[in-house]
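Given next are the chains, with one letter for each unit.
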Amino acid sequence: MNVMVTGGCGFIGSNLVKWLRKNRPSWKVVNYDKLTYAGNLENFKELENDPNHVFVKGDIGNRELVDHVIRSHKIDAIMHLAAESHVDRSILGPEAFIVTNVLGTNVLLEAARHAKLNRFLMVSTDEVYGSLGPTGFFTETTPLDPSSPYSSSKASADLITLAYEHTFGLDVVVTRCSNNYGPFQFPEKLIPLMVVNALHDRPLPVYGDGTNVRDWLHVDDHCSALVTALEKGKKGGVYNIGGNSERQNIQIVKAILGLVGKPESLIKHVTDRLGHDKRYAIDATKMKTELGWAPSHVFEKALAETVKWYVDNRPWWERVMSGEYKKYFDTQYSARLS
Ligand code: NAD
Ligand code: TYD
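Residues numbered from 1 in each chain as written. Chains lettered and ligands numbered in written order. Predicted model: local features only at pLDDT ≥ 70, side-chain atom pairs only at ≥ 80, totals over all residues. Heavy atoms only, no water.

A. Main features of the nonpolar core. Ile-191, Leu-204, Val-253, Ile-256, Leu-257, Trp-316 and Trp-317 are the most contacted members of the largest nonpolar core, which totals 35 residues. Among the secondary structure elements, those contributing two or more residues to this core are helix H6 (190-199), strand E8 (204-207), helix H8 (249-260), strand E12 (267-270), helix H10 (299-312) and helix H11 (314-320). In this structure Trp-316 touches Asn-40, Asn-43, Phe-184, Gln-185, Phe-186, Trp-309 and Tyr-310, once residues within four positions along its chain are discounted. Listed in part, the 33 residues of the second largest apolar core include Trp-19, Trp-27, Val-173 and Ala-225. (Core = buried A, V, L, I, M, F, W, Y, C linked by side-chain atoms within 4.5 Å. Buried < 20%, exposed > 50% of the residue type's maximum accessible area, 1.4 Å probe, protein only. Helix = DSSP H or I, 4+ residues; strand = E, 2+ residues; numbered from the N terminus. Contact = heavy atoms within 4.5 Å.)

Laid out in structure tokens, this is it:
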């Protein structure tokens, strides 16, 4: 089996590539990534001499290169993770989200269709469903109702992928998962950002009153779910993936402060995110009953391990936080924190 992982140098992609090399050792993994600010080749030190991990620097929008990679590596399936992935950045500038998430996905689908690939796994998100009130869960039949430029671009890609099955018969599977956490996450997302700020004794910027709820999924559980969906998912199937771990943001921020031994006085409530979704909660029954998958990590224990990973791997995040990240941080937070 030769699999092309797009976005393999990002947070989930790099965990997935390593998961595949460990758990599917006979597979060749072609890691196709543009190396935007979020892509980091330093995540692969242990795979440096691995002949079954091939890195190709490229944009998913480059049809010629995508075709060449599919042909030259005899690709059987694509696991498509490449995306602009951060909601706050999509509010500051939506265009890159449309270009990569919508148009880029379409380029890959066209390439997959013409090459007659066996399977195209589209990694979508629970954010395509929009926001929930205090009760209820997203199921696979919940109507899509995205709120941000990010989630709208993902919803477009998700629907276009399903249309390629319906119209052209391409073998696609779509997964919609909840918020991931774990090692190698870029420190612009809630958990690593709060750890890093706490370690620097900087304010921890909580949007609004901090009662927004996310359902947290450990990245290793997400990787096993993606491979399960790739191997066993039904053609044209949609699968929700969740961690059964709903928490308010403020609970997470306080837990992180406790884990690194810093005072709650570092918490700073700041202006809310525009259009901020209140609550996401996943019903992942279909993954369990149809494909036999369930998450295995217990949130509090896995959060403590994750926080320890950031404490122990300071050089990793210090390097990724230089350059562009610093500019982004100033634009995003300077007015809110003053
Ligand atoms: P990330 O931002 O950490 O990584 C994205 C990767 O895609 C980077 O390596 C980047 O270089 C690459 N990339 C961006 N544009 C590209 C392009 N045009 N061509 C090729 N490569 C490009 O993202 P992540 O958190 O690892 O998310 C991976 C996928 O999972 C995304 O599709 C995201 O929408 C989805 N997802 C993420 C979460 C989460 O909590 N992180 C939850 C649900 C779904
Ligand atoms: P984030 O990690 O950006 O993921 P998403 O918006 O895709 O769910 O944010 C998770 C939650 O944390 C979300 O409700 C916004 C909130 N948040 C803050 O309160 N402060 C921050 O600095 C960030 C980045 C997020």
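Next, the rest of the story.
B. Spatial organisation of the pairing of strand E1 (residues 2-6). When you tally the buried positions in E1, you get five out of five residues, the bulk of the element. On E1, burial covers both faces: Asn-2, Met-4 and Thr-6 on one face and Val-3 and Val-5 on the other are all buried. Where E1 and strand E2 (residues 28-33) come together, five bridges link them in parallel fashion. Residue pairing for E2: Thr-6 is matched across the bridge by Tyr-32. Following the chain from E1 across helix H1 (residues 11-23) to the adjacent parallel E2, one finds a crossover that is right-handed. (Pairing = 2+ DSSP bridges. Right-handed = clockwise from strand over helix to strand, strands pointing away.)

C. Region of interest: the sheet that holds strand E11 (residues 246-248). Judged by pairing direction, the sheet is mixed, and its three strands sit side by side in the order E7-E9-E11 without closing on themselves. The two strands at the open ends of the sheet, each matched to only one other strand, are strand E7 (179-181) and E11. Here the strands of the sheet are splayed against their neighbours by 50 degrees on average, with no regard to which way each runs. Where H8 meets the sheet, it contacts strand E9 (213-218) and E11, and its direction lies at approximately 80 degrees from that of E11. (Axes fitted to C-alpha atoms, helices over the stretch in contact; angles between N-to-C directions.)

D. Expanded view of the pattern of salt bridges. Evaluation of the coordinates by the stated rule reveals 17 salt bridges. The partner of Arg-176 in a salt bridge is Asp-158, with the nearest N and O atoms 2.7 Å apart. Within this pair, whereas Arg-176 is found in strand E6 (residues 172-177), its partner Asp-158 is found in helix H5 (residues 149-168), the two being separated by 18 residues in sequence. Close ionic contact of Lys-262 with Asp-201 constitutes a salt bridge, the shortest N to O distance being 2.9 Å. In this pair, Lys-262 is assigned in the loop between H8 and E12 and Asp-201 in the loop between H6 and E8, connecting sequence segments 61 residues apart. (Salt bridge = Lys/Arg side-chain N within 4 Å of Asp/Glu carboxyl O.)

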